[in-house]
Amino acid sequence: VKDCSRALPAKQAGIKSAVCIPILINNNVAGTMDFMTSELLTLSNSRLEVLKQISQIVSNVIDRFETIDYQINIASDVSVSLAQSADALDMLSQDILMNADETANQAQTLSSASEEVNVNFNEVVNATEEMTASISEISKSMQQAAAITN
């Protein structure tokens, strides 16, 4: 090979035969597997097929690792998002509990005030009944006094 940047150093190192098999990821060359020897060899079709299969297996494994890495990154992002959502829900539940406590306190205050109004109302009713009885007695006394003076 004349146009390979490694041809001259390989020749100087005594390399007589070399095979370069590409590693493809998404149909793009991601790297190569280079096999070199100091013996002059002719590559048989069966050996070429085996090298192609090895290349395909390595390409698939690298692709799987990249897919797994991508999925791990997505899982990490989802985990962070879930943690943030959990924090937000925790804060919301704390707000709801505080509001529930405040509402319970207000309901207790309202209940106490209602009881006090009821007691005061009963006192007014009793006072009105007593006043009515007193007016009725005064009225009888006036009628008796009027009957005596007539």
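Structure: above.
All values reported here derive from a predicted model rather than from experimental measurement. Note that residues are indexed from 1 along each chain, following the sequence as it is written. Restriction of local features to residues with pLDDT of at least 70 applies here, the model being predicted, together with a cutoff of 80 or more for giving and counting side-chain atom pairs; totals for whole chains, interfaces and linings are based on all residues. Derived side-chain values reflect all non-hydrogen atoms in the structure, with water molecules and hydrogen atoms excluded from consideration.

Caption draft 1: Just the overall build of the chain, in detail. Secondary structure is summarised from DSSP: a helix means a run of H or I of at least four residues, a strand means a run of E of at least two, and numbering begins at the N terminus for each. A count of helices and strands for the chain gives two helices and two strands. Ordered by position in the sequence, the α and β elements of the chain form the string α-β-β-α. Taken against the 2.2 N^0.38 rule, which gives 15 Å for 150 residues, the C-alpha radius of gyration of the chain at 50 Å runs more than 25% over that of a compact globule. Across its three principal axes, the chain shows a C-alpha extent of roughly 160 × 30 × 20 Å. Categorising residues by exposure relies on relative accessible area from a 1.4 Å probe, with only protein chains included: less than 20% of the type maximum marks a residue as buried, more than 50% marks it as exposed, and the intermediate range marks it as partly exposed. Counting across all 150 residues of the chain, residues that qualify as buried make up 6%. Should any heavy atoms of two residues lie within 4.5 Å, those residues are counted as being in contact. Restricting the contact set of the chain to residue pairs at least 6 apart, pairs at least 24 apart contribute 36%. The method behind every accessible area is Shrake-Rupley, applied with a 1.4 Å probe, and residues are considered shielded solely by the protein chains displayed. Here the chain has roughly 12,700 Å² of accessible surface; of this, 58% comes from carbon and sulfur atoms. Throughout, radius of gyration means the C-alpha value; the globule benchmark is 2.2 Å times the number of residues raised to the power 0.38.

Caption draft 2: Quick look at the side chain of Ser55. Among the structural elements, Ser55 can be located in helix H2 (residues 45–149). The buried category is assigned to Ser55, whose relative accessible area is 7%. Excluding its chain neighbours within four sequence positions, the residues that come into contact with Ser55 are Ile21, Pro22, Ile23 and Met33.

Caption draft 3: Highlighting the pattern of salt bridges. Throughout this description, the term salt bridge denotes a Lys or Arg side-chain nitrogen within 4 Å of a carboxyl oxygen of Asp or Glu. The final tally for this structure, using the stated rule, is two salt bridges. The partner of Asp34 in a salt bridge is Arg6, and the shortest N-O contact between them spans 2.4 Å. Taken as a pair, Asp34 in strand S2 (residues 28–37) and Arg6 in the segment before helix H1 (7–12) lie far apart in primary sequence, 28 residues in all. According to the relative accessible area criterion, Asp34 is partly exposed, its value standing at 29%. Between Glu49 and Lys52 there is a salt bridge, and its shortest N-O distance comes to 3.9 Å. Here Glu49 pairs with Lys52, and both are found in helix H2, just three residues apart, close to one helical turn.

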